[in-house]
Structure formats: C-alpha cells, structure tokens
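# What the coordinates show
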Amino acid sequence: MVHEFTCIVCPVGCRLRVDKGGEVSGHKCKRGIVYATEETTHPTRMLTTTVKVNSRVAKRLSVRTSRPIPKAAMFDVMQALATVEARVPVNIHDVIIHNVAGTDVDIIATRRLAT
Amino acid sequence: MTWDIVVIGAGAGGLSAALAAQDDHVKVLVLEREAVLGGILNQCIHNGFGLHEFEEDLTGPEYAERFIDAFHERGIDLRLETTVMGLHETRNGFVVEAFDRRAGKLDIQTRAVILSSGCYERTRGQIRIPGERPAGVMPAGSAQRYLNIEGYLVGKEVFILGSGDIGLIMARRMTLEGATVKGIAEIMPYSNGLTRNIAQCLEDFDIPLYLSHTVTDIRGADRLEGITIEAVDEDFRVIEGTKKDFAVDCLLLSVGLIPDTMVLESLDVKMHPHTRGPKVDHTFHTSVEGLFACGNALHVHDLVDDVSEESRRAGRCAKDYVRKSLGKGETQLELIAGEGIAYTVPSTIDLSRFDDLIRCAFRVKRKAQTATFKLIQDDTVIASRKARFVAPAEMEHIDIGPDDLKGGHAPVTLIMEV
C-alpha cells in the first residue's frame with residue numbers, strides 16, 4: 001500500500017509518497033524523508049498550548065512540548081495541563097512541567113513574562 | 001526634539017524595520033499600542049515560524065523573542081501603550097499625533113515614518129451573512145486572542161466560516177481545549193490555508209471541510225443556537241436543496257484580513273485597490289514623501305518570515321532616505337499585474353534607486369501545478385522563473401536585476417503562464 005500525505009515540515013507542503021518498501025518520493029529536501037518515515041511508523045506532533053499564569057500582561061502563558069510527542073498523547077497532555085498555574089517571572093524555555101503525562105517530555109514556556 | 005524615523009507598531013514588521021533603520025546617526029522611535037512587543041505573534045502560539053529566517057521551527061512568541069532581544073540589545077527608543085491617532089505633513093517631515101496611556105496626547109516630530117501597523121480582520125458586517133444577531137459570532141483572530149492571551153474559550157460547539165490559516169489554526173486549538181468543531185465551510189472550491197495547516201489542523205482531528213459552501217443563516221435570540229450552510233456554484237450562487245443545519249454556540253469567521261491604514265486618513269496616500277494597503281515603489285516609499293510602509297499594513301502576508309525580510313529592506317530604505325537625503329525619484333517605472341497575477345508589491349520601480357534589490361512580491365489568481373512567471377518590458381522577457389504548486393494563498397517572489405531593465409521607462413508587466 002502506498003501512503004500519500006502532505007509534508008508539514010516547512011511551508012512548501014510537498015506531497016509525499018511512501019511505497020510499501022518504505023521508499024519516500026515527492027520530497028524536495030532531506031527533512032521530508034525523515035518526516036515521511038516517522039509519519040508512517042510513529043506519528044508525532046509538537047503540542048503548543050497555554051497554561052494559567054499570574055502575569056500583569058497576560059492571563060495565559062504560551063507553552064510547548066520540549067520535543068514532539070506521540071500524536072495519540074495530545075489529549076492526555078492537555079488534560080494534565082488543565083490545572084497547572086505558572087508563576088512570574090517566567091523566562092523563555094523555562095521548564096513548567098517535567099515529564100508531562102508520562103511522555104518523558106517537558107512542557108516549556110515559549111515567551112518571557114517578567115511581571 | 002525631532003526624530004529621524006518613527007516606526008508605527010512593534011510587531012514582526014516594526015521590530016525588523018526598526019532594527020534595520022536605527023544606527024548611531026539615525027534616531028528611531030518605535031510606538032506600540034500594546035503593553036508588550038511582538039504584536040500578533042504573541043497570540044500565534046503554534047509553531048511553523050522562522051524556517052526561512054532562522055532555519056528553525058519556532059512558535060510565534062519564540063520568533064518574536066529573537067527580535068525583541070535584538071531590539072533591547074540595541075537600545076532602540078520605544079513607547080509602549082501609545083496609540084497613533086494620525087499623521088500630519090510638515091515642511092520637513094511629519095507630526096505624529098499619538099496618545100500615551102500615561103502621558104496623554106503627544107505630538108512627535110519626525111522626518112520619516114514607517115507604517116507597520118499590521119492588519120485587521122473582516123467581520124460579519126463586511127460579508128453580509130443573513131440571519132439574526134446573537135452573541136457568539138466573531139472573527140477567528142479575536143477568538144484566538146481571547147483564548148491564548150485572555151484565557152476565555154468562546155464556544156463549546158463551533159463552526160468556522162473560511163479556511164484561511166487563522167480558521168484552520170483555531171479549529172485545532174479549540175478542539176484541543178475541549179470544544180467540538182463541527183466543520184469548516186469554504187466558499188472557494190479549494191482551501192486558502194497553507195497545506196501544512198490543512199494536514200495538521202483538520203486531517204489530524206477529522207474535522208470536515210465543506211468546500212464550495214457558505215453560511216446562509218444564523219439563528220439565536222441572545223446566544224447563537226444554530227447555523228445553516230449551503231453549497232454554491234462556480235458563480236457563488238446558492239444551490240437549492242443543499243442545506244445543512246448545525247447546532248452551534250459559536251461561529252468563527254476567517255474571511256480575510258485588511259491592512260490597517262487608519263492613521264493615514266488625513267494624508268493623500270495613493271492606495272492599492274487590491275491589497276488595500278498603500279501603493280509603494282521598490283524602496284517601500286508611498287506616494288507621500290517620507291512615508292514608508294511594510295508588513296501586513298502594506299499587504300497581507302502568509303508567512304512572518306516574509307514580513308521580517310521585507311520590513312528589513314523597508315527599514316534600510318527609510319534609513320537611506322534620511323541619511324542620504326534621497327527624495328522620492330521623479331521617474332517611477334510602472335509594474336503591472338498581468339495575466340494570472342492578482343497584484344504586485346511594489347507598484348512601481350524608482351529608477352533613481354537601482355542600488356536596492358528589486359524584489360517583486362505577488363499573488364497568483366488561481367492554483368496551478370506548474371507555472372512560469374515572466375517579467376515583460378517592451379515585448380521582451382527580461383526575467384523569468386519557474387514554480388510548482390502555486391496558489392493564491394501562497395505569496396510568490398521574483399527578483400529584477402538592474403541590468404534586466406533595458407527598455408528604459410517602459411512599464412514592466414508580470415504574467416503567469418501555465
């Protein structure tokens with residue numbers, strides 16, 4: 001069976017094809033091969049969301065997973081973050097939660113909130 | 001005190017323009033209406049930014065942080081929570097009429113202005129959807145701000161009109177936050193969003209995309225209770241017997257962005273009928289001497305990386321204008337959007353400024369698997385470029401070398417051949 005899907009690594013959005021032997025075609029760069037192989041064996045996603053924060057300028061702090069998590073774990077991670085409250089000052093890439101929802105991945109801040 | 005350059009807005013465009021414009025000899029002041037720098041990037045918490053600019057996959061706030069750090073390191077002058085009300089021409093520049101939340105009204109003197117005030121969203125009123133007027137109908141970017149900055153989820157059962165990127169991003173975002181997104185209707189036979197957003201925001205969550213459909217009724221006394229969508233034909237006429245009803249408490253509109261040029265109202269600036277931003281030459285100079293424009297205030301971009309790159313050139317051109325006392329050139333060669341091209345930015349090429357890169361940004365009118373873009377002057381092809389998978393939703397570029405312009409002052413026409 002041939003898998004065909006859109007590459008999401010960059011804005012070009014190549015149409016990738018992976019044949020039954022795992023051979024990738026349709027890619028314009030090397031990152032496309034890596035993505036196509038991952039997407040057919042163990043799909044992962046970078047999760048970006050927010051957590052509550054006691055800042056003067058924003059009610060929510062934007063965060064992301066420190067690296068992509070299994071696609072299937074996205075809602076478990078969202079659930080785990082529902083009750084989290086970050087405290088200012090927060091620096092960019094501060095770890096907000098270690099090993100979130102047993103994924104072995106951290107939740108890190110994506111912005112700086114001094115006050 | 002007179003500034004050399006006042007930059008209006010400290011989002012991606014303004015930060016990049018200010019960084020390029022400021023040096024030991026050029027005094028730059030940035031005015032920002034929010035309490036923080038970064039503009040719309042602060043609410044664009046998803047990743048996919050910076051692949052061109054930094055060759056990294058960053059979230060919006062992370063992308064902004066790179067420029068904010070550089071901005072603070074350089075010690076560029078800044079006024080936060082200061083809203084520009086209008087611009088007035090003086091004998092040697094402008095008075096910028098602004099309102100500072102603490103200091104009150106300010107009249108700021110400057111030789112040049114860079115407009116980088118971003119864009120605003122089209123609302124329900126601008127697309128004339130019939131029906132009642134309940135709460136729960138709002139532009140998708142407003143819902144994004146409510147959710148990602150203010151912490152309010154604006155609906156539990158959601159429908160989205162328009163498959164532009166903000167609509168797609170919000171479909172995923174609200175799904176992750178526990179809302180049910182029942183579908184997206186797109187009046188065109190194809191999505192106007194980036195393909196990666198269709199893949200990651202809709203396909204991942206099995207959200208249906210209704211192409212060639214639009215919202216034809218809105219119901220609800222106080223709060224939105226339901227909507228109706230119907231299929232449309234090639235001329236966007238509703239096809240009888242295609243009604244689908246959805247019980248929803250929220251309808252998000254992702255139906256287009258328009259450059260925010262409100263502060264230019266008192267000036268006689270020539271506007272571009274298609275982009276709805278000011279017309280500029282290839283040095284980002286508008287029809288008003290000393291007024292430059294870049295970023296989404298000039299024309300709406302799909303990639304912030306393009307905004308940064310363009311605004312950097314605009315900042316550099318404004319700096320040259322101030323330092324070298326370069327006036328706006330008398331001879332402006334016209335750049336025309338020909339067959340298959342929706343618009344070009346710039347609209348003209350200033351023949352006295354060949355030292356600057358002449359990069360033409362444009363959008364095509366329709367999708368094509370392969371296309372050739374040709375620049376034609378006096379029936380001669382002076383530059384061409386092949387491209388694959390072109391679409392109206394994805395901005396294209398073509399560069400013109402100074403040696404390419406052999407035909408003197410004759411206009412240059414850009415066409416797409418498929």
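Cut-offs applied
- Residues numbered from 1 in each chain as written.
- Chains lettered and ligands numbered in written order.
- Predicted model: local features only at pLDDT ≥ 70, side-chain atom pairs only at ≥ 80, totals over all residues.
- Heavy atoms only, no water.
- Axes fitted to C-alpha atoms, helices over the stretch in contact; angles between N-to-C directions.
- Helix = DSSP H or I, 4+ residues; strand = E, 2+ residues; numbered from the N terminus.
- Left-handed = near helix turned anticlockwise from the far one by under 90°.
- Contact = heavy atoms within 4.5 Å.
- Nonpolar A, V, L, I, M, F, W, Y, C, P; charged D, E, K, R; others polar.
- pLDDT = per-residue confidence, 0-100.
- Buried < 20%, exposed > 50% of the residue type's maximum accessible area, 1.4 Å probe, protein only.
- Pairing = 2+ DSSP bridges.
- Domains from an automatic or database assignment.
- Phe/Tyr/Trp six-rings, centres within 6.5 Å; stacked < 30°, edge-to-face > 60°.
- Lys NZ or Arg CZ within 6 Å of the ring centre and 35° of its normal.
- Core = buried A, V, L, I, M, F, W, Y, C linked by side-chain atoms within 4.5 Å.
- Buried area = accessible area lost by both parts, 1.4 Å probe.
- Salt bridge = Lys/Arg side-chain N within 4 Å of Asp/Glu carboxyl O.
- Polar contact = N/O pair within 3.5 Å; in protein donor to acceptor, adjacent residues only side chain to side chain.
- Right-handed = clockwise from strand over helix to strand, strands pointing away.

A separate point is the packing of helix α1 (residues 12-21) of chain B against helix α2 (residues 60-74) of chain B. Residue and element names in this part refer to chain B. Taken N-terminus to C-terminus, the directions of α1 and α2 make an angle of 35°; their axes are 10 Å apart at the nearest point. For the pair α1 and α2, the sense of crossing is left-handed. Judged by residue contacts, Leu15, Ser16, Ala18 and Leu19 of α1 engage Phe67, Ile68, Ala70, Phe71 and Arg74 from α2. The class makeup of the residues in the contact of α1 with α2 is seven nonpolar, one polar and one charged.

Attention now goes to the confidence of the model for chain B. Chain-level statistics for chain B give a pLDDT mean of 94 and a share of 99% at 70 or above. Taken together, the chains of this predicted complex give a pTM of 0.92 and an interface ipTM of 0.89.

Residue and element names in this part refer to chain B. In this fold, Glu34 is placed in the loop between β2 (28-31) and β3 (47-49). Glu34 sits in the partly exposed class, given a relative accessible area of 31%. A sequence separation of 23 residues divides Glu34 from Gly11, and the C-alpha atoms of the two residues are 10.0 Å apart. If near-sequence neighbours (up to four positions away) are discounted, Glu34 is found in contact with Leu80, Glu81 and Arg145.

Residue and element names in this part refer to chain B. Pairing is antiparallel across the open sheet formed by three strands, whose spatial order is β21-β23-β26. Looking along the sheet, the strands with just one partner apiece sit at the ends: β21 (341-345) and β26 (396-400). If you compare each strand with its neighbour and ignore which way they point, the axes differ by 30° on average. Two elements, strand β23 (residues 358-364) and β26, share five bridges in a ladder whose sense is antiparallel. Each bridged residue has a counterpart across the sheet, and for Phe362 the counterpart in β26 is Glu396.

Under the domain assignment used here, chain A contains domain 1 (3-41) and domain 2 (48-109). Using only C-alpha atoms to locate each centre, domain 1 of chain A and domain 2 of chain A end up separated by 29 Å.

Inspection of the entire model under this criterion finds eleven aromatic pairs over all chains. Cation over ring: B:Arg66 sits above B:Phe54, and NZ or CZ is 4.9 Å from the ring centre.

With that out of the way, let us pick up the nonpolar core. Core analysis: the largest hydrophobic core is formed by 63 residues, its most contacted members being B:Ile5, B:Val28, B:Ile108 and B:Leu291. By residue number, the principal contributor to this core is helix α7 (residues 304-323) of chain B, which donates seven residues. Excluding its chain neighbours within four sequence positions, the residues that come into contact with B:Leu291 are B:Leu87, B:Phe94, B:Val113, B:Leu264, B:Leu267, B:Val269, B:Phe284, B:His285 and B:Thr286. A:Leu81, A:Leu113, B:Met170 and B:Ile207 belong to the second-largest nonpolar core, a separate cluster that totals 41 residues.

Tallying the contact residues gives 31 residues for chain A and 32 residues for chain B. Here chain A meets chain B over a buried area of about 2800 Å², counting both sides, of which 57% is carbon and sulfur. Along the contact surface separating chain A from chain B lie five salt bridges. Across the pair A:Arg112 and B:Asp69 runs a salt bridge, and its minimum N-O distance is 3.1 Å. Scanning the region where chain A abuts chain B turns up 13 residue pairs in polar contact (both at pLDDT 80 or more). Split into classes, the residues belonging to the side of chain A that touches chain B amount to 14 nonpolar, eight polar and nine charged.

Attention now goes to helix α6 (residues 195-202) of chain B. Along α6(B), seven of the eight residues are buried, which leaves the element largely enclosed by surrounding structure. The complete set of buried residues in α6(B) reads B:Arg196, B:Asn197, B:Ile198, B:Ala199, B:Gln200, B:Cys201 and B:Leu202. The inward-facing, buried residues of α6(B) contact β1 (3-6) and β4 (44-45) of chain A together with β3, α5 (165-176), β12 (180-186) and β13 (209-211) of chain B.

Spatial strand order, β1-β2-β3 (chain A): three strands in an open sheet with antiparallel pairing. Each edge of the open sheet carries a strand with a single partner, namely β1 and β3 (24-25) of chain A.

Moving on to the pairing of strand β1 (residues 2-8) of chain B. All names here are of chain B. For β1, the tally of buried residues reaches six of seven residues, placing the bulk of the element in the interior. As paired elements, β1 and β2 share four bridges and run parallel to each other. Residue Val6 lies in a different strand from β2, and its bridge partner there is Leu29. For the segment spanning β1, α1 and β2, crossover handedness is right-handed.

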